[in-house]
Amino acid sequence: MKHTITLIPGDGIGPEVTEAAVRVVEAAGVECEWERMEAGAEVVAKYGTPVPDEVIHSILKNRVALKGPITTPVGVGFPSANVTLRKRLNLYANVRPARTIPGVPSRYDHVDLVIIRENSEDLYSGLEHIVVPGVVESLKIITEAASLRIGRYAFEYAKSHGRRKVTAVHKANIMKLADGLFLECLRRISREFPEIEYEEMIVDATCMNMVMRPERFDVMVMENLYGDILSDLASGLIGGLGFAGSANIGEGGIALFEAVHGSAPDIAGRHIANPIALILSAVMMLRHLGEQAAANRIENAVMKVMAEGKVRTRDMGGDATTDQITDAIIAAL
Ligand code: NAI
Ligand code: MG
């Protein structure tokens, strides 16, 4: 079956790593028609928004997208294209696995955790204002509906993926109302899944435990901001941002796949970015599309190239280019 997929190359290293992922998917024999769409700084001048309507329409039509990172200006300028996409498409669940890949330089050997990040609210609601000069209010929104929805997603994910434990990460000792509501919702959902172990952990202690003993974690569910921060931390447990893929899942099965990392302006345009994070995001996309065989082939090819250790990009201490590592993965298919 031929799949029509919205492809957003993004900016910075985005076009380099999306090209690599497209090549690998096609080499694995998956028939795809890529609908290429622009979003980000380039289109703001023309459309007045980083995410033109035609991008949204394309994803709504195709139900699936693969996306490169998009730069967001710090402090000033247009709102994040990423947050805009997640909001407009109602992509409420952000699934971010971090799993040890043998052969990838890292301090740990047995990490296999999945962060389920609530993707629609919290401090990312964009509700900020100047109260008086020198005083700013930034609103953290937590709702029962979104907390129950992400809690259910996390437990159903754990169940359908044969996982045993869900850890709810929070700061309800300080944000008694906001994080208190989030926790209360998670407790309610946990009672519906007696076969899955449920625990709660305060976010700062979670950071320490992830660094000390990351093997103890299985599925972790948390609000938007904690999920953003802890998923970069999780990528650091398995060799860095070059290895962390993700899925943004919406209601009705709409899904957008992207790497956890950003546009890496420090290395953009030099063809040295590690494309594996986006390739693993494409693997998640293929599983979502029912292309299990191709997904497994690509994943195994990545594992093989990493285990051999001969072709490594700069983040792994090597000097291979994006193209060279992509070629090696294609050769290993
Ligand atoms: P970043 O993730 O782009 O880079 C952090 C560090 O990791 C840099 O040293 C970079 O070179 C390295 N790195 C990241 N991906 C890599 C890869 N595939 N291979 C090798 N090294 C890699 O984070 P940063 O610099 O904080 O953000 C840059 C821009 O990206 C910002 O404008 C930010 O808003 C945006 N961003 C976009 C995201 C998205 O589109 N979903 C997600 C995160 C950030
Ligand atoms: Mg992030």
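Residues numbered from 1 in each chain as written. Chains lettered and ligands numbered in written order. Predicted model: local features only at pLDDT ≥ 70, side-chain atom pairs only at ≥ 80, totals over all residues. Heavy atoms only, no water.

On to the pairing of strand 5 (residues 112-118), then. Counting buried positions along strand 5 gives six out of seven residues, so the element sits mostly inside the fold. Summarising the sheet, strand 4 (residues 93-99) and strand 5 pair through seven bridges and their orientation is antiparallel. Residue pairing in the sheet places A98 in a bridge with L113 of strand 5. Note: strand 5 against strand 10 (residues 219-222), four bridges, orientation parallel. The residue bridging I116 from the neighbouring strand is V221, located in strand 10. (Buried < 20%, exposed > 50% of the residue type's maximum accessible area, 1.4 Å probe, protein only. Helix = DSSP H or I, 4+ residues; strand = E, 2+ residues; numbered from the N terminus. Pairing = 2+ DSSP bridges.)

Turning to the domain arrangement of the protein chain, a few remarks are in order. When the domains of the protein chain are assigned, the result is domain 1 (1-92 + 243-333) and domain 2 (107-237). Each of domain 1 and domain 2 has a C-alpha centre, and the two are 24 Å apart. With 11 residues of domain 1 at the contact, the number on the domain 2 side is 13 residues. Both sides of the domain 1 and domain 2 interface together cover about 960 Å² of buried area, and 51% of this is carbon and sulfur. R149 is the salt-bridge partner of E251, the closest N and O atoms lying 2.8 Å from each other. There are five residue pairs in polar contact (both at pLDDT 80 or more) connecting domain 1 and domain 2. Put simply, the parts of the chain that give the side of domain 1 that touches domain 2 at least two residues each are helix 4 (81-88) and strand 11 (245-249). It is helix 4 that provides the largest number of residues to the side of domain 1 that touches domain 2, a total of three residues. By residue class, the composition of the side of domain 1 that touches domain 2 is six nonpolar, two polar and three charged. (Domains from an automatic or database assignment. Contact = heavy atoms within 4.5 Å. Buried area = accessible area lost by both parts, 1.4 Å probe. Salt bridge = Lys/Arg side-chain N within 4 Å of Asp/Glu carboxyl O. Polar contact = N/O pair within 3.5 Å; in protein donor to acceptor, adjacent residues only side chain to side chain. Nonpolar A, V, L, I, M, F, W, Y, C, P; charged D, E, K, R; others polar.)

This part covers the packing of helix 10 (residues 292-308) against helix 11 (residues 322-331). The N-to-C vectors of helix 10 and helix 11 enclose an angle of 115°; their axes lie 8 Å apart at closest approach. When you trace helix 10 past helix 11, the crossing you get is right-handed. Of the residues in helix 11, those in contact with A301, V302, V305 and M306 of helix 10 are I325, A328 and I329. Here the contact of helix 10 with helix 11 is composed, by residue class, of seven nonpolar, no polar and no charged. (Axes fitted to C-alpha atoms, helices over the stretch in contact; angles between N-to-C directions. Left-handed = near helix turned anticlockwise from the far one by under 90°.)

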